[in-house]
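Below are the chains, spelled out letter by letter.
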Amino acid sequence: MKRTIPETVKRLCRKYDAADPFAIARQMDIGVIFEPLGTVRGYYSHFNRRKLIHINSDLDGDQQLLVCAHELGHSVLHPNANTPFFKAHTLFSVSRMETEANRFMIYLTVSDDELMEYAEFPMSHLANIYDVPMDLIRWRYEQMAPLNGKEHRL
């Protein structure tokens, strides 16, 4: 049976005793390279059994953390996929893989406790705080246990 993204993230965090994507990548022996990538935020690659996460060195620290988490999601959920190749040379849609990596990223980087702390804020405000699309915040709330009668606003 295939694990859900929340189950996968929880398992990784327990196994590596960390919720920091950089620490998890290091323990999984995934190289992280910071390099100028122009308008590209980052990408995941593998070659000769070596996994690498490439992160745009021009991004600020918070953005680099999110990119690392997103690309770590690709390495865990889609370890053999070459999304840059798929995008450039095939008709294969990578949107499902991108959605899954985004969900992995938001689940890893935003805890239930943090969301509970901000439950009174509109989701659009949280999307701005975390610099992510609002549908990711909405999905992350949906993965939580009920908010003890609290409603979250749009």
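Before reading on, note that the structure itself is shown above.
The following refers to the structure shown. (Residues numbered from 1 in each chain as written. Predicted model: local features only at pLDDT ≥ 70, side-chain atom pairs only at ≥ 80, totals over all residues. Heavy atoms only, no water.)

All right, on to the packing of aromatic side chains then. As enumerated under the stated definition, the model contains three aromatic pairs in all. Taking the centre distance of 5.5 Å and the plane angle of 65° together, the rings of Y118 and F121 count as edge-to-face. Owing to a relative accessible area of 22%, Y118 belongs among the partly exposed residues under this scheme. Directly above the ring of Y107 sits R140, whose terminal nitrogen or CZ lies 4.0 Å from the centroid. (Phe/Tyr/Trp six-rings, centres within 6.5 Å; stacked < 30°, edge-to-face > 60°. Buried < 20%, exposed > 50% of the residue type's maximum accessible area, 1.4 Å probe, protein only. Lys NZ or Arg CZ within 6 Å of the ring centre and 35° of its normal.)

Applying the stated rule across the entire model yields three salt bridges. Salt-bridge contacts for D29 lead to R50; the nearest nitrogen and oxygen are separated by 3.5 Å. Pair noted here: D29 is in the loop between α2 (21-27) and β1 (31-35) and R50 is in strand β3 (residues 50-56), with a separation of 21 residues, a long-range link. When its relative accessible area of 57% is taken as the criterion, D29 is described as exposed. The salt bridge partner of D112 is R140, with a shortest N-O separation of 2.8 Å. Taken as a pair, D112 in helix α6 (residues 112-117) and R140 in helix α8 (residues 134-142) lie far apart in primary sequence, 28 residues in all. Residue classification places R140 among the buried positions, given a relative accessible area of 2%. (Salt bridge = Lys/Arg side-chain N within 4 Å of Asp/Glu carboxyl O. Helix = DSSP H or I, 4+ residues; strand = E, 2+ residues; numbered from the N terminus.)

To continue, consider the packing of helix α7 (residues 123-130) against α8. Running from N to C, α7 and α8 cross one another at 110°; their axes reach a closest spacing of 8 Å. Looking at the two axes, α7 sits roughly perpendicular to α8. Our pair here, α7 against α8, has a crossing hand that is right-handed. Here M123, S124, L126, A127 and Y130 of α7 lie close against α8, whose contacting residues are M134, I137, R138 and Y141. Of the residues contributing to the contact of α7 with α8, the split by class is seven nonpolar, one polar and one charged. (Axes fitted to C-alpha atoms, helices over the stretch in contact; angles between N-to-C directions. Parallel < 35°, antiparallel > 145°, perpendicular 65-115°, else oblique. Left-handed = near helix turned anticlockwise from the far one by under 90°. Contact = heavy atoms within 4.5 Å. Nonpolar A, V, L, I, M, F, W, Y, C, P; charged D, E, K, R; others polar.)

By themselves these figures say nothing about function.
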